[in-house]
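Structural overview
Okay, here's what each chain looks like letter by letter:
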Amino acid sequence: MKKLIFVSLIIFLVPIAAHSQTYRLLCSWAGGNFGQGLNQPTRTAVQASNQVARALEVDYISIYQGGVLNASATVLNNEPVIVYNSNFMNAMFRSGSQWAPKSIIAHEYGHHLNYDTTYYGQFKHPWTKELQSDFVSGLAMARMGATLEEATRALIIQFSSFGSQSHPDTPRRLDAVSQGWYRGRT
Ligand SMILES: [Zn+2]
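Now for a description of the structure that goes with this document.

Thresholds, definitions, all that
- Residues numbered from 1 in each chain as written.
- Predicted model: local features only at pLDDT ≥ 70, side-chain atom pairs only at ≥ 80, totals over all residues.
- Heavy atoms only, no water.
- Core = buried A, V, L, I, M, F, W, Y, C linked by side-chain atoms within 4.5 Å.
- Buried < 20%, exposed > 50% of the residue type's maximum accessible area, 1.4 Å probe, protein only.
- Helix = DSSP H or I, 4+ residues; strand = E, 2+ residues; numbered from the N terminus.
- Contact = heavy atoms within 4.5 Å.
- Arc of directions from axis to C-beta.
- Donors = N, O, S within 2.8 Å, 3.2 Å for Na, K, Ca; no water.
- Tetrahedral: all angles 85-135°; square planar, octahedral: opposite > 155°, others 65-115°.

**What about the nonpolar core?**
The nonpolar side chains of soluble globular proteins are, as a tendency, buried together. Counting 34 residues, the largest nonpolar core has Trp29, Ile104, Ile105 and Tyr109 as the members making the most contacts within it. Among the elements of the structure, helix H2 (43–56), strand S5 (79–84), helix H3 (86–95), helix H4 (99–113), helix H5 (126–144), helix H6 (148–157) and helix H7 (170–185) are those that each provide at least two residues to this core. When sequence neighbours within four positions are dropped, the list of residues in contact with Ile105 reads Ala45, Ala48, Ser49, Val52, Ile63, Ile82 and Met89. With five residues, the next largest nonpolar core counts Leu38, Val68, Val81 and Val83 among its residues.

**A word on H6**
Among the residues of H6, Ala151, Thr152, Ala154 and Leu155 are the ones counted as buried. Relative to the axis of H6, the buried residues are bounded by an arc of 130° and lie together on one face. Its buried side turned inward, H6 meets H3, H4, H5 and H7.

**A word on the coordination of the zinc ion**
Around the zinc ion, the protein contributes the donor atoms Ser28 (O), His107 (NE2), His111 (NE2) and Glu130 (OE), which lie 1.9 to 2.2 Å from the metal centre. Coordination at the zinc ion is tetrahedral: its four donor atoms span angles of 95 to 124° at the metal. Taken in sequence order, the residues that donate to the zinc ion follow the motif S-x78-H-x3-H-x18-E. With His107 in helix H4 and Glu130 in helix H5, this residue pair connects regions lying 23 residues apart in the sequence. Comparing His107 with Glu130, the two get one shared label, buried.

Here it is, written out as C-alpha cells:
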C-alpha cells in the first residue's frame, strides 16, 4: 500500500515539476520580465519553428508556450528551447501577417546560433546579441520567401525609437534585419 501511494505521488508530481521549470540565460525578443511554467506549443508554432530550422539549415529547436512577456531563447535541461507568449504571438499574427511571428521565432534561433544562452553570452554587449539575432531573423525570412516589408513588420508594430538597456532602438534593429535579409536573398 505504501509503495502504491509513493508511485502515485511520483506520477502526480512529475508533470508539476515539468511545468514549474525555472528559465535561465534568457534572451528575449523585446525585453521584459519572465514568469514560469511551460505548455505545449500550437501546431502553427511547431510548423513555424520547423520552417525556420530548414531555412537556416540547422536542427529543429523545441518551442513551448510559457510565461514570458513576448518570446525568449533559453535553456531547459541543457537543451536549447524557445518559449513564447501565446497572447503576444496571436496579437502579432492579427496586426501583422503570418510572417511577424515567424520573424520573432527566427530571432530566437539567432540567439541560440550565436551562443547567447551559453556561459559566453554574458560577455557580449546586450545590443550586439540583439542585432546579431535580428540579422539571422532577416536572413531566415528572405530564405523563407518573405519580402523585406514582411521581415521587418514585427519591429514596426512594436516600434521603439529609444531602445533600452537590453534592446537597441528600432532603426538600428531594422537595419540589422535588412542586412540579414539582403544576405539571405543572395
Ligand atoms: Zn533578442
